[in-house]
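Observations on the model geometry
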Amino acid sequence: MRNFIIFGPPGAGKGTQAQKIANEFNLHHLSTGALLREEISRQTEIGQKVQKIMDQGGLVDDSIVNAIVKDKITQNSQGDGFIFDGYPRTMAQAKNLDALLTAKALPLVLNLEVEEKELMERLKLRGQESGRSDDNEKTVKNRLRLYSEQTRPLLDFYARQKRLISVNGQGTIEEVFQLLRNQIK
Ligand code: ADP
């Protein structure tokens, strides 16, 4: 089993690259954002709890996302491994994930580097095209701030453990994919 985390700020292209890597290497793509949006559209109890937070660009409680991830890992234990997308976002989540996977394989982190100015432009465009309700200017600012404060510090944690690979995320989708693929092989 091989596990990966696709890492980077909102708008870095994590979802797109995670999908391509999952196809190429036969991994389960586990996106907490997508799973949470599914809870909202099914109007489950969890969905009702998280809707407002997500619309404001806040972070959902660690306990909620940790439970979702644990369920998914247990349900999909066959296959070659996982690529986690949008998770972990806090130190508590990072430690939880390592604890869940420790007997199998600790995930390697694939970090997409994209400048802030480019992120703002991409997210604005995505908001117009996809209609995702959290891709508006105010929410985007909040998400980028939370990324800097809570999520980016995880890079140090992974770098110290020699589990971090960073690539330039500003090329085309194919260019970025080739960079990642070369690192994984
Ligand atoms: P993006 O990377 O563009 O922010 P995601 O789909 O990963 O998009 O996340 C959308 C929203 O879902 C986040 O702004 C947050 O509210 C919530 N969310 C997703 N994953 C997590 C997580 N691991 N911890 C807390 N909240 C999360």
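Placed above this text is the structure.
My aim in this report is to walk through the structure given alongside it, one point at a time.

Criteria and cut-off values
Residues numbered from 1 in each chain as written. Predicted model: local features only at pLDDT ≥ 70, side-chain atom pairs only at ≥ 80, totals over all residues. Heavy atoms only, no water. Near = heavy atom within 4 Å. Areas by Shrake-Rupley, 256 points an atom, 1.4 Å probe, with all protein chains shown as cover. 1 Å grid on protein atoms, 1.4 Å probe; cavity = no way out; pocket = protein on both sides within 12 Å on 5 of 7 lines; lining within 4 Å. Sits in = over half its atoms within 2 Å of the grid points. Helix = DSSP H or I, 4+ residues; strand = E, 2+ residues; numbered from the N terminus. Nonpolar A, V, L, I, M, F, W, Y, C, P; charged D, E, K, R; others polar. Pairing = 2+ DSSP bridges. Axes fitted to C-alpha atoms, helices over the stretch in contact; angles between N-to-C directions. Contact = heavy atoms within 4.5 Å. Expected span 1.5 Å × (residues − 1). Buried < 20%, exposed > 50% of the residue type's maximum accessible area, 1.4 Å probe, protein only. Arc of directions from axis to C-beta.

To continue, consider the site of the ligand. Of all residues adjacent to the ligand, which total 19 residues, the nearest are Lys14, Thr32, Arg37, Gly58 and Arg126. When the ligand sits alone it has 550 Å² of accessible area, and the protein chains cover 97% of it. Here the ligand is seated within the largest pocket. The element contributing the most residues to the shell around the ligand is helix α2 (residues 32-41), with 4 residues. Partitioning the shell around the ligand into residue classes produces 7 nonpolar, 5 polar and 7 charged.

Next up on the list: the sheet that holds strand β5 (residues 164-168). Within the open sheet, the 5 strands sit side by side as β2-β3-β1-β4-β5. Their pairing is parallel. Edge positions in the sheet fall to β2 (28-31) and β5, since each has one partner strand and no second. If you compare each strand with its neighbour and ignore which way they point, the axes differ by 20° on average. Relative to β2, α2 is tilted by about 65°, and along the sheet it contacts β2 and β3 (82-85).

Time to look at helix α1 (residues 14-25). The end-to-end C-alpha distance of α1 is 16 Å, a good match for the 16 Å that 12 residues give at a rise of 1.5 Å each. All of the buried residues in α1 are Lys14, Gln17, Ala18, Ile21, Ala22 and Phe25. On an axial view of α1, the arc spanned by its buried residues comes to 135°, and they lie on one face. Looking one or two places after α1, you find Asn26, whose phi comes out positive at around 60°.

With that settled, the discussion passes to helix α9 (residues 173-184). Helix length check: α9 (12 residues) gives 17 Å between terminal C-alpha atoms against 16 Å at 1.5 Å per residue, within 8%. Looking at the buried residues of α9, the elements they touch are β1 (4-7), α1, β4 (108-113) and β5.

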